[in-house]
Amino acid sequence: MSRFATLKRRFSRASFVDVLPISAFVLASFLAIVFTVFYQLRWANEYNRQVDSYAQSTVELTRQGLLNDDIAGLRSNLSTIVPDGAILTTADGRIITLVEGKRMLDYSRSYKITDNGKHLGELALVPPLPYRPPMPHLLTFLLIALCAVLATWMIRLLSKMAARNLNYVKSYVDNYDIGDLNELELPNVSFKEFRGLNAVALQTTRRLNREIKRYRNLARRDERTGLPNRYDFEQHLQDAVDKASMETPYAVLMIKLQNWSSQRNRFSHGDAEMALKLFGNKIVEASNQPDVTEHGLHLEAFARVGEQTFTILMSGMRNRDDLSSLVRPFRRELSKAIEIGNVSFEPEIAASIVMVPQDGETVQRVFHALHITLQNLSETSRIGYKFYSPKLDRQNDARRKLEHELREAVANDAFVPVFQPKVDLKTGRIYGVEALARWQTESGRLASPYVFIDLAEELGLIDSIGEQILKKSTKAAAIWVKSGHDINLAVNVSPIQFNDPYLSQKILKSIAESGLPPRHLE
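With that settled, consider the overall build of the chain. Secondary structure assignment for the chain yields 16 helices and 15 strands. Relative to its full complement of 522 residues, the chain shows a buried share of 38%. About 31,500 Å² of surface is accessible on the chain, with carbon and sulfur atoms providing 55% of the total.

Here's what the structure looks like:
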């Protein structure tokens, strides 16, 4: 079973150009052999029938001679009819040689002689008709071999024609993107079925090619606005990165609609997408205005890369100064109001600018520089434009490090209160204290809130820091009150903390755990 399975697997993996001729050779040989054997048997049967017919007349003649007891006359008659030999064995066992012959031992045939059921004897004779097959054995073998070879050659020829036609189909499928398939012509193939298969393959490949081109085009377009998307822009940017040099630099601008988040809800869903599309079209128009093109600048690519972010790729400038003189009129053009229906929208623009290859030699590096520059601009002046500078990377790295350390400090309960006394100027008595938050670093130094408060609010850590300061300051104030000091405690609370619905519960819990009388907390 395993050998059969192995043979079957080999046949299934082989080419039909090889398998079919072998199969044709085996089948043709088998059919030729069967036909030859059948034909030879038919000829042998006909020969035996003729011999038996001849022998019956000889047996009748012998019977008459025995009945007349004329052995001498019988010898005379049989010598001419059966020249190759005849021997008679009588009923009483006598053996009479009627005609002598050398071939008796090898070719004689025996026939019984009877008369009305009475056994008279047995006649052995050599048929005078020699056995000659219709075709010599060597010629028969050559004919069988010739049939097998011709069948193999014809099947192999047809197999190669079929393989060539199938290869045409395979070439269409493998090379579906070889240009305009509509210009291709059907090859001159044999057989109606293969011509139909080639026609279907070509039509299907043309359809697939059109679909692939359509999907490739869709892959480069923003689904909501139809504007070029980030993938399309990255392809153009990669080409620019490959070609850019210090003598022929490129400029990449990332433009952000700073006030889009607050203005979006003024539009319906469809109008909002239309407003973004109109703004994108304004970017293209502003990039192609005479003030820009007269200075040799050329718009290479444009795309919408985010919800409210767009990018453009410019060529033709020599340095930053060439671009700086055009940014202000460019930004002024983009800041003009966009009107859709009864809604008017005045864009507030922030733009980061990166030079290629000076500021980035890869697509990823260029986008990184664009993002950190735009982030820095949004944190400082909100609107305007800013060129990338390497110090922004250092600032960005420092910010990430500070974020990490701040999260660890919150987790390690590293924020402590310092108390600023409130003094009665008339009596000189301390009647209260104000708790101020400080970050106690690993070195023991106390960091001012100016270092971490804004970042803590941005990261959502201010609630945890405020809770730590509240717990520690109420415990310290409770100890002072128990010691007999009539001191009130004031704790600063960030405006963001008032968004916490559990703020009052946290304050009450801190008072209860510390034992500070509520009247001493301002």
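Moving on to the side chain of Thr-309. Note on placement: Thr-309 falls in strand E7 (residues 309–315). A residue is classified by how much of its surface remains accessible, and Thr-309, at 13% relative accessible area, is buried. Residues in contact with Thr-309, not counting those within four places in the same chain, are Met-254, Ile-255, Lys-256 and Arg-304.

With that settled, the discussion passes to the packing of helix H15 (residues 462–482) against helix H16 (residues 503–514). The axes of two packed helices give the description: the angle between them and the distance between them. Close contact between H15 and H16 brings their axes to 9 Å; oriented N to C, the two are set at 35 degrees. Seen along the crossing, H15 lies across H16 with a hand that is right-handed. Residues Glu-467, Leu-470, Lys-471, Thr-474, Lys-475, Ala-478 and Lys-482 of H15 form the contact with H16, whose participating residues are Lys-506, Ile-507, Ser-510, Glu-513 and Ser-514. For the contact of H15 with H16, a count of residues per class yields three nonpolar, three polar and six charged.

Turning our eyes to something else, we now look at the nonpolar core. By size, the foremost hydrophobic cluster in this structure holds 35 residues, and its most contacted members are Phe-279, Ile-283, Met-314 and Leu-323. Elements represented by at least two residues in this core include exactly strand E5 (250–257), helix H9 (269–287), strand E6 (298–304), E7, helix H11 (320–334), strand E8 (338–340), strand E9 (343–345) and strand E10 (349–356). When residues of this core are assigned to their parent elements, the largest contribution, six residues, is made by H9. In this structure Phe-279 touches Ile-255, Leu-257, Phe-310, Leu-334, Ile-338, Pro-347 and Ile-349, once residues within four positions along its chain are discounted.

Before going further, it helps to examine the confidence of the model for the chain. When the pLDDT values of the chain are averaged, the result is 80; 87% of them are 70 or greater. For the chain, the element scoring lowest by mean pLDDT is helix H1 (residues 2–13), at 63; E7 scores highest, at 92.

Right, let's talk about the packing of aromatic side chains for a bit. Using the criterion set out here, one finds 11 aromatic pairs in the structure. Summarising the aromatic geometry, the rings of Trp-260 and Phe-345 are spaced 5.5 Å apart at their centres and angled 65 degrees between planes, so their arrangement reads as edge-to-face. Taken together, the residues span a long stretch of sequence, with Trp-260 in helix H8 (residues 260–263) and Phe-345 in strand E9 at a distance of 85 residues. Across the pair, Phe-345 and Trp-260 agree in class, each one buried. Relative to Phe-452, the ring of Trp-439 lies with its centre 6.1 Å away and its plane at 90 degrees, an arrangement referred to as edge-to-face. Linking Trp-439 in strand E13 (residues 430–440) with Phe-452 in helix H14 (residues 449–459), this pair joins segments that are 13 residues apart in sequence. Of the residues examined, Trp-439 reaches a relative accessible area of 6% and is grouped as buried.

Under the criterion given, the structure shown has 16 salt bridges. A salt bridge links Arg-304 to Glu-307; the nearest nitrogen and oxygen atoms lie 3.5 Å apart. Among the charged side chains, a network of salt bridges with common partners joins Asp-222, Arg-224, Arg-264, Glu-273, Arg-304 and Glu-307.

The next point concerns the pairing of E6. Burial within E6 is extensive, with five of its seven residues counted as buried. Across six bridges, the pairing between E6 and E7 is antiparallel. Residue pairing in the sheet places Leu-299 in a bridge with Met-314 of E7. Connecting the antiparallel pair E6 and E7 is a turn made up of four residues.

Cut-off values and rules
- Think of each chain on its own: its residues are numbered from 1, step by step along the sequence as written.
- In keeping with the predicted nature of the model, local features appear solely for residues at pLDDT of at least 70, side-chain atom pairs appear and are counted solely at 80 or more, and the whole-chain, interface and lining totals rest on all residues.
- Side-chain numbers come from the whole structure's heavy atoms, not from hydrogens or water.
- Here a helix means four or more residues in a row that DSSP labels H or I, a strand means two or more in a row labelled E, and each is numbered from the N terminus.
- For the exposure calls, accessible area comes from a 1.4 Å probe over protein chains only, and a residue counts as buried if that area is under 20% of its type's maximum, exposed if over 50%, partly exposed in between.
- Values of accessible area rely on a 1.4 Å probe in the Shrake-Rupley scheme; residue burial ignores everything except the protein chains shown.
- By the convention used here, residues are in contact when the closest approach between their heavy atoms is within 4.5 Å.
- Each axis is a line fitted through C-alpha atoms, and for a helix only the stretch in contact is used; angles between axes span 0 to 180 degrees, taken between their N-to-C directions.
- Two helices that cross are described as forming a left-handed crossing if the nearer one is turned anticlockwise from the farther one by less than a right angle, and a right-handed crossing if clockwise.
- Each residue gets one label: Ala, Val, Leu, Ile, Met, Phe, Trp, Tyr, Cys and Pro are nonpolar, Asp, Glu, Lys and Arg are charged, and the others, such as Gly, are polar.
- Only buried Ala, Val, Leu, Ile, Met, Phe, Trp, Tyr and Cys residues count toward a nonpolar core, and they belong to the same one when joined by side-chain atoms within 4.5 Å.
- pLDDT gives the predictor's per-residue confidence on a scale running from 0 to 100.
- The criterion for an aromatic pair is that two Phe, Tyr or Trp rings (for Trp, the six-membered ring) have centres within 6.5 Å, with stacked assigned to planes under 30 degrees apart, edge-to-face to planes over 60 apart and tilted to the rest.
- The working definition used for a salt bridge is a side-chain nitrogen of Lys or Arg within 4 Å of a carboxyl oxygen of Asp or Glu.
- Pairing between two strands requires that DSSP report at least two bridges joining them.

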